[in-house]
Structures are given as structure tokens and as C-alpha cells.
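Chains, contacts and geometry: an overview
Listed below are the residues making up each chain.
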Amino acid sequence: MKRIKDCTFYYILWCLYNLQGILYASGTAISQGLLAILVVWSFYIIFSNWGRLARVPYFKALGVLVAMYTIYGILSVVVHGAMVHNVPATEYFKRSYISMLPIFVSYIYTVTGKLNFETMQKWMFVFFFIGLAFFYRSKFEALDITDGDETTNNASYVIMSLIPGLLVFYKKPVYLYVGLAVCVVLVVLGMKRGAIIITAVALWMIINQLFRIMKGKYRSMLSIAVLVGIIMLANFVGNLLETSAYFNQRIQQTIDGDSSQRDIIYNSLWRVFTEQSNVFEQLFGHGAWGTRELAHAEAHQDWLQILIDNGLLGIVFFINYWIKYFKETRNIYRHNLSRLGLKLFFLMYFAKTFFSMSICSVTIFASTFIGFYLADGFASEENDYENKSVGA
């Protein structure tokens, strides 16, 4: 019981931290204290189990990224002090810690039996409702700023990150299908074009895999659910086309190739690298918050952000990370659904690197399940479906 309690408490603290702005004000001593405890706790687990983690190439690559953000973040604090362009200097490595550290911990808790299939189902319910609360809080905040009836909602990516975790309900189809339906509807309502496209591909991947492993009545239920879902989604989107001027505007922007001024930022930062950087800066970057200092904005995509901040060396580390991640998705000795979960997260966060901030915006929902799937959390689950690789 003691082993389960410490794991449960860890995720309770993460949930409380992610409920800032909902249960309590953001940026207060409460959230700062929670994060301090979680960071120390996470590093304790990582260092205590590094021998086990280091046997997995993925964690070596992820550890290099954590070290990179830590070193550059500390240098930023030393050079610039507490604030950098109206942003706390510690924010640089804080974001990486929030995104990356729980992956290590989730993996260790899974391989040591503290997280299992049943507990992940319970946490998925909790994560789902926190995701919903976060989505509507973000929506109301955005509407207050725009003073309109409709707007894009960046929390669409938060909802999208819940989708791979729903795989734990594959033996409870009603929960799975309802969860997917809610996520799809909210992603569409969020009107983030990247999130909509990625979610569509993810949904196809899930349906394709489930058709391959489900048998009998479960496959029939899936066929009916897909048919009903297509009909309902068509009606839903058709209604939006008729009633939402903003939805039509977003579609037209996509057709016109409107990048929301990202192309201006990209061109500006690329010129910084090619024309305004010396050899040292090209190799090692301009340091944490380099894009803010040089272009007064973040890059809105990871590759340019890392290139300017961390240089070509950072790009090498970043490429190595994604190579190691991709190899994990091809591990044929891992359970089908564990591999599918990793593929979905790879799709979501790798695709996002090209048009948004990705590596430092991994949600606690995603990081927990990435660690769980890396540890092959489905492997010990007895089920009615095929438990062997079918070449997915």
C-alpha cells in the first residue's frame, strides 16, 4: 500500500499544479511550492534509478535535452538576473522540467509496478476532466481578450494530448468511443488548424489498429461506432459551416495559405542565424531567450527556436532525441497498443515542432502516458484480443 501511495501523491500534486487558474490563482506561492516539490521529487527518482533508465537509449537522449535546457537556463539567470524581457529567467528550464521529468518518473513507476493498467484507467478519468477544465478556462480567457463570440483556443493541443491515453479503455469501448468523440468535437471547436489535422490522422491510426486487433462483437461495435461517428461529425461540421463565420474564416485562411504571420517570424530568425551570428553563435546559439532578445518573439516552432537559442549543437541533440523516439515506436517486442500510443504521441509532438512550440509544451497527461507506454504498460494486461505483434 505504501508503494501505491507515494506514486498516487506524486500525480495528485501534478494535478493540483495544473489546476492553477481554476482552483486557485496562477503564479502564486501555491503553484511555485508545488512545482518545487515535484522537480526535487522527480530528480530524486531519476538519479536513484539512472542505471535502469540509461539502458534505454531514449532516456539518454531525453536526459541530454534536460541537461541542455538546465545549463542554458542557469547561464541565463547568471547573465540576465531574475527577469529576461519581462519573463522570469527560470521559466526557460522550468518549462522543460514540466514537460520532460514526468516521462522518466512514469517509466520507473510502471516498471516497478506502482503504475499499472488499472491505475492508469483511473488517472485517465482525472486527466480527462482536468483537460476539459483547462480547455474552457483557456476559451473564456481568450474571449475576454478578443472581446468576441468565437476565437481560436490553444488548449486544443491539450485536448489532443488526451487521445492516446484513451487506449487504456480498449476493453471498455463505450468509454473509449465517448472519450474520442468529446476530444474530436473540442479540437474542432478550438479551431487550431494544426490540432485538427493531427487529430484526424491520429483518429485514423487508432481506428485502423483497433480493426486489426479486435474480434467478434468488439469489431462489430467498432464498425457501428465509426459509422455513427462519421455521420455525427459530418452534421456537426456542416452546422459550423452554416452558423460560424469564424470557422469559415479559418478555413479560408488555410486555403489562402495564411500562416498567421509565422512566415515573417521564420524569415527574421533565419536571417539572424545566417547573417547576424558569428561562428560561435551558430554552433552554440545566442543563449536562453535568444529569439526574444533578437526578434522580440518566440519562434513558434522548435527547430528555429533551438537553432537560435542553442545553435547547431542543440539541433544535433534535438535530432538525436527524435531518432531515438522513433526507434521506440518500431520496437516489435512491445505490445501493439503500447506501440500505438507511442506512435500517436510521436505524431502529435513531432508534427507540432514545425509550426508551434512542442518539446517544452508536453502536458502531464502526455508525459505520464509516454512513460507508461515506454515501459510497455499493456504487456502484463490479460485481454480478449491478440497480445502479440501484428506488424503495426
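Residues numbered from 1 in each chain as written. Predicted model: local features only at pLDDT ≥ 70, side-chain atom pairs only at ≥ 80, totals over all residues. Heavy atoms only, no water.

Moving on, we come to the overall build of the protein chain. In terms of regular secondary structure, the protein chain is built from 17 helices and 2 strands. Against the compact-globule benchmark of 21 Å for 392 residues, the protein chain has a radius of gyration of 21 Å, which places it among compact chains. By its C-alpha atoms, the protein chain is 65 × 55 × 40 Å across when sized along the principal axes. Buried positions account for 52% of the 392 residues belonging to the protein chain. The long-range fraction of contacts in the protein chain, counting pairs at least 24 apart against all pairs at least 6 apart in sequence, stands at 74%. Of the side-chain charges in the protein chain, 32 are positive and 24 negative, and the distance between the mean point of each set is 12 Å. (Helix = DSSP H or I, 4+ residues; strand = E, 2+ residues; numbered from the N terminus. Rg over C-alpha atoms; globule rule 2.2 N^0.38 Å. Buried < 20%, exposed > 50% of the residue type's maximum accessible area, 1.4 Å probe, protein only. Contact = heavy atoms within 4.5 Å. Lys, Arg positive; Asp, Glu negative; His and termini not counted. Charge placed at Lys NZ, Arg CZ, Asp CG, Glu CD.)

A surface patch of nonpolar side chains, about 530 Å² in accessible area, is lined by Val279, Phe280, Leu283, Phe284, Leu312 and Leu313. Breaking the nonpolar patch down by element, the ones donating at least two residues are α13 (279-284) and α15 (302-329). With respect to the helices and strands, Leu313 occurs in helix α15. Judged by its relative accessible area of 33%, Leu313 falls in the partly exposed class. (Patch = residues over 30% accessible without salt bridge, like charges linked within 9 Å, V, L, I, M, F, W, Y side chains within 5 Å. Areas by Shrake-Rupley, 256 points an atom, 1.4 Å probe, with all protein chains shown as cover. Salt bridge = Lys/Arg side-chain N within 4 Å of Asp/Glu carboxyl O.)

With that settled, consider the packing of helix α9 (residues 193-213) against helix α16 (residues 336-352). Running from N to C, α9 and α16 point in directions that differ by 165 degrees, and their axes come no closer than 10 Å. What the angle tells us is that α9 and α16 run roughly antiparallel. Read as a crossing pair, α9 and α16 show a hand that is right-handed. Of the residues in α16, those in contact with Ile198, Val201, Ala202, Met205, Ile206, Gln209 and Ile213 of α9 are Asn336, Leu337, Leu340, Lys343, Leu344, Leu347, Met348, Ala351 and Lys352. In terms of residue class, the contact of α9 with α16 is made up of 12 nonpolar, 2 polar and 2 charged. (Axes fitted to C-alpha atoms, helices over the stretch in contact; angles between N-to-C directions. Parallel < 35°, antiparallel > 145°, perpendicular 65-115°, else oblique. Left-handed = near helix turned anticlockwise from the far one by under 90°. Nonpolar A, V, L, I, M, F, W, Y, C, P; charged D, E, K, R; others polar.)

A few words now on the side chain of Gln20. Here Gln20 lies in the loop between α1 (2-18) and α2 (29-48). Setting aside chain neighbours within four positions, we find Gln20 in contact with Ala25, Ser26, Gly27, Ser31 and Arg137.

Moving on to the environment of Thr353. The residue Thr353 is located in the loop between α16 and α17 (364-374) in this model. Sequence separation between Thr353 and His300 is 53 residues, and the spatial gap between their C-alpha atoms is 8.5 Å. Apart from the residues within four sequence positions on either side, Thr353 is in contact with Gln301, Asp302, Trp303, Phe318, Trp322 and Ser358.

Before going further, it helps to examine the layout of surface pockets. Roughly 700 Å³ of internal volume is contained in the second largest pocket. Lining the second largest pocket are 25 residues, with Val184, Leu203, Gly229, Ile230 and Leu233 positioned closest to its centre. Contributing elements (two or more residues each) for the lining of the second largest pocket: α8 (173-190), α9 and α10 (216-243). Top contributing element to the lining of the second largest pocket by residue count: α10, with 10 residues. (1 Å grid on protein atoms, 1.4 Å probe; cavity = no way out; pocket = protein on both sides within 12 Å on 5 of 7 lines; lining within 4 Å. Points joined across faces, edges and corners; volume = space filled by probe spheres on them.)

Attention now goes to the packing of α8 against α9. Axis separation between α8 and α9 bottoms out at 9 Å; the angle between their running directions is 160 degrees. Judged by the angle between their axes, α8 and α9 are roughly antiparallel. Of the two elements, α8 crosses α9, and the hand of that crossing is left-handed. On α9, the residues touching Leu176, Leu180, Val184, Val187 and Val188 of α8 are Ala195, Ile196, Thr199, Leu203, Ile206 and Leu210.

Inspection of the secondary structure assignment puts Glu91 in helix α5 (residues 91-111). Between the alpha carbons of Glu91 and Phe125 there is a distance of 29 Å; along the sequence they are 34 residues apart. A polar atom in the side chain of Glu91 sits 3.0 Å from the side chain of Lys94. (Polar contact = N/O pair within 3.5 Å; in protein donor to acceptor, adjacent residues only side chain to side chain.)

Here we take up empty space enclosed by the protein. The final tally for this structure, using the stated rule, is 1 cavity of 30 Å³ or more. Empty space within the largest cavity amounts to approximately 50 Å³. Lining the largest cavity are Tyr58, Ile103, Tyr321, Trp322, Tyr325, Phe345, Tyr349, Ser358, Ile359, Val362 and Ile370. Broken down by secondary-structure element, the contributors of at least two residues to the lining of the largest cavity are α15 and α16. No other element matches the 3 residues that α15 contributes to the lining of the largest cavity.

Turning next to unusual backbone geometry. Phi at Met191 takes a positive value of approximately 55 degrees, unusual for a residue other than glycine. For Met191, a relative accessible area of 5% corresponds to the buried category.

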